[in-house]
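Here is how the chains run, residue by residue.
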Amino acid sequence: MKVNILAFGIARDILGKSEADVELRDGNTIEELKQMLLQKHPKFADLASLSFAVNEEYRKDDFHLSEGDEVVIIPPVSGG
Amino acid sequence: MNNIDVQIKNAFLVEKECHDFVAHRGAGGIAVFVGTVRDQTKGKNVVRLEFESYEPMAVKEMKKIAQTVKDQWQALKVSMHHRIGILGIGEIAVIIAVSTPHRKAAFEACEYAIDTLKETVPIWKKEVFEDGEVWVAAHP
């Protein structure tokens, strides 16, 4: 299955782009996506936190992804 | 939900807009927090800040905060504006206004709103110095 990844802030710098399509196995969770990202881009491991949102809601690492989901990599937020 | 006003703007923020929105006949007090761009961080001169957001989710998260403020502090009206884009020193990055029947709740609710915004709302800030730049809070 294919999911659409968006990256903001330092996550975009590490990924090297603001958007990417990632191929995952059916039923994969955020955890699997995270491991894939960490393997390809070890700098993600240096961040103070690494969260994910699916279709505009924060989701935990055991959340199952579905074809066509919009997944956003959320590095430490710093609004205000 | 016309008692809640949440906006992300790529333009100057105006305190009066938030203040006017929360005005209410039942209000005994209005607390307004204005967050501005400081000229230095740990002794290093800041040239400018660059804010970006994942806007649809940022608006959703800010609305959740505003709703909690209404529920927990019996706020009458809540206004939250956050700016994105490039900001110079002294410019306003965020405004939060809350009206409540009694003043204590207004102060508390306003503090809760800005503290929570900094923790949950997907907005990121880059500090640009004379000799480099850094995404704020990115690294431990």
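This structure is a prediction, so every number in the text was calculated from the model and none was measured. (Residues numbered from 1 in each chain as written. Chains lettered and ligands numbered in written order. Predicted model: local features only at pLDDT ≥ 70, side-chain atom pairs only at ≥ 80, totals over all residues.)

Asker: Please explain the overall build of chain B as it appears in this structure.
Answerer: When helices and strands are counted, chain B shows 3 helices and 9 strands. For a compact globule of 140 residues, the expected C-alpha radius of gyration is about 14 Å, and chain B comes in at 16 Å, within 12% of that figure. With the principal axes as the frame, chain B shows a C-alpha extent of 50 × 25 × 25 Å. Counting the 140 residues in chain B, one finds 37% classified as buried. In chain B, once contacts between residues fewer than 6 apart in sequence are set aside, the share between residues at least 24 apart is 76%. (Helix = DSSP H or I, 4+ residues; strand = E, 2+ residues; numbered from the N terminus. Rg over C-alpha atoms; globule rule 2.2 N^0.38 Å. Buried ≥ 20, exposed ≤ 12 C-beta atoms within 10 Å, placed from the backbone. Contact = placed C-beta atoms within 7 Å.)

Asker: Teacher, can you tell me more about helix 2 (residues 30-40) of chain A here?
Answerer: Since the α-helix turns once every 3.6 residues, residues separated by three or four places project in the same direction. Residue and element names in this part refer to chain A. Buried within helix 2 we find Ile30, Leu33 and Leu37. Buried residues in helix 2, looked at end-on, bunch into an arc of 60 degrees, giving them a common side. Here the buried face of helix 2 lies against strand 2 (19-23), strand 3 (51-54), strand 4 (57-59) and strand 5 (70-74). (Arc of directions from axis to C-beta.)

Asker: I keep staring at the interface of chain B and chain A and nothing clicks. Help me out?
Answerer: How large an interface is tends to be reported as the accessible area lost when its parts come together. In this assembly, 24 residues from chain B lie in contact with 17 residues from chain A. Those elements that place two or more of their residues in the side of chain B that touches chain A are helix 2 (55-73), strand 7 (92-100), helix 3 (103-120) and strand 8 (123-129) of chain B. At 4 residues, helix 3 of chain B tops the list of elements feeding residues into the side of chain B that touches chain A. Across the side of chain B that touches chain A, the residue classes tally to 16 nonpolar, 4 polar and 4 charged. (Nonpolar A, V, L, I, M, F, W, Y, C, P; charged D, E, K, R; others polar.)

Asker: Looking at this structure, I do not really get helix 3 of chain B. What am I missing?
Answerer: Residues and elements named next belong to chain B. Compared with an ideal rise of 1.5 Å per residue, which puts 18 residues at 26 Å, helix 3 spans 26 Å between its outermost C-alpha atoms and is within 8% of the ideal. Looking only at helix 3, the buried set comprises Ala105, Ala106, Ala109, Cys110, Ala113 and Leu117. Summarising the axial view, the buried residues of helix 3 lie within an arc of 130 degrees, below the 170-degree limit, and thus occupy one face. Along helix 3, the residues that are exposed and aim more than 90 degrees away from the buried face are Lys104, Asp115 and Glu119. Of the surrounding elements, those touching the buried residues of helix 3 are strand 2 (29-36), helix 2, strand 5 (77-83) and strand 7. (Expected span 1.5 Å × (residues − 1).)

Asker: It is not clear to me how the pairing of strand 3 of chain A should be interpreted in this structure. Could you clarify?
Answerer: A regular strand places its side chains on the two faces of the sheet in alternate fashion. All names here are of chain A. Sheet analysis places strand 3 next to strand 5, joined by 4 bridges and oriented antiparallel. Of the residues in strand 5, the one forming a bridge with Phe52 is Ile73. Hairpin connection of strand 3 to strand 4: 2 residues between the antiparallel strands, including Asn55 at a positive phi of 50 degrees. (Pairing = 2+ DSSP bridges.)

Asker: Can you walk me through the sheet that holds strand 1 (residues 4-9) of chain B in this structure?
Answerer: One key point about sheets: their strands pair by backbone hydrogen bonds, in either a parallel or an antiparallel sense. Residue and element names in this part refer to chain B. Overall, mixed pairing links the 4 strands, which are arranged 1-5-7-2 in an open sheet. Unpaired on one side and paired on the other, strand 1 and strand 2 mark the two borders of the sheet. Each neighbouring strand pair of the sheet contributes to a mean axis angle of 5 degrees, computed without reference to strand direction. Taken together, the 8 bridges between strand 2 and strand 7 define a ladder with antiparallel strand orientation. Looking at the pairing, Gly29 lines up with Thr100 of strand 7. Its contacts with the sheet put helix 1 (residues 15-22) on strand 1, strand 2, strand 5 and strand 7, and the angle it makes with strand 7 is roughly 15 degrees. The sheet contacts of helix 2 involve strand 1, strand 5 and strand 7, and relative to strand 1 the element is tilted by about 150 degrees. (Axes fitted to C-alpha atoms, helices over the stretch in contact; angles between N-to-C directions.)

Asker: Where do I start with the sheet that holds strand 1 (residues 2-7) of chain A in this structure?
Answerer: Residue and element names in this part refer to chain A. Read across the sheet, 5 strands follow the order 2-1-5-3-4 without closing on themselves; strand pairing throughout is mixed. At either margin of the open sheet sits one strand with a lone partner, and together these are strand 2 and strand 4. Strand-to-strand twist across the sheet, computed as the mean angle between neighbouring axes with direction ignored, equals 35 degrees. Sheet topology places strand 1 next to strand 5; 4 bridges connect them, and they run parallel. Directly across from Ala7, in strand 5, lies its bridge partner Ile73.

Asker: What is the right way to look at unusual backbone geometry in this model?
Answerer: Only a minority of non-glycine residues have a phi that is not negative, and only a minority of peptide bonds are not trans. At Glu56 of chain A, a residue that is not glycine, the phi angle is positive and equals roughly 75 degrees. Inspection of the secondary structure assignment puts Glu56 of chain A in the loop between strand 3 and strand 4. Of note, the phi angle at Lys42 of chain B is positive, near 45 degrees, even though the residue is not glycine. Structurally, Lys42 of chain B is set in the loop between strand 3 (40-41) and strand 4 (44-53).

The analysis is restricted to geometry; functional conclusions fall outside its scope.
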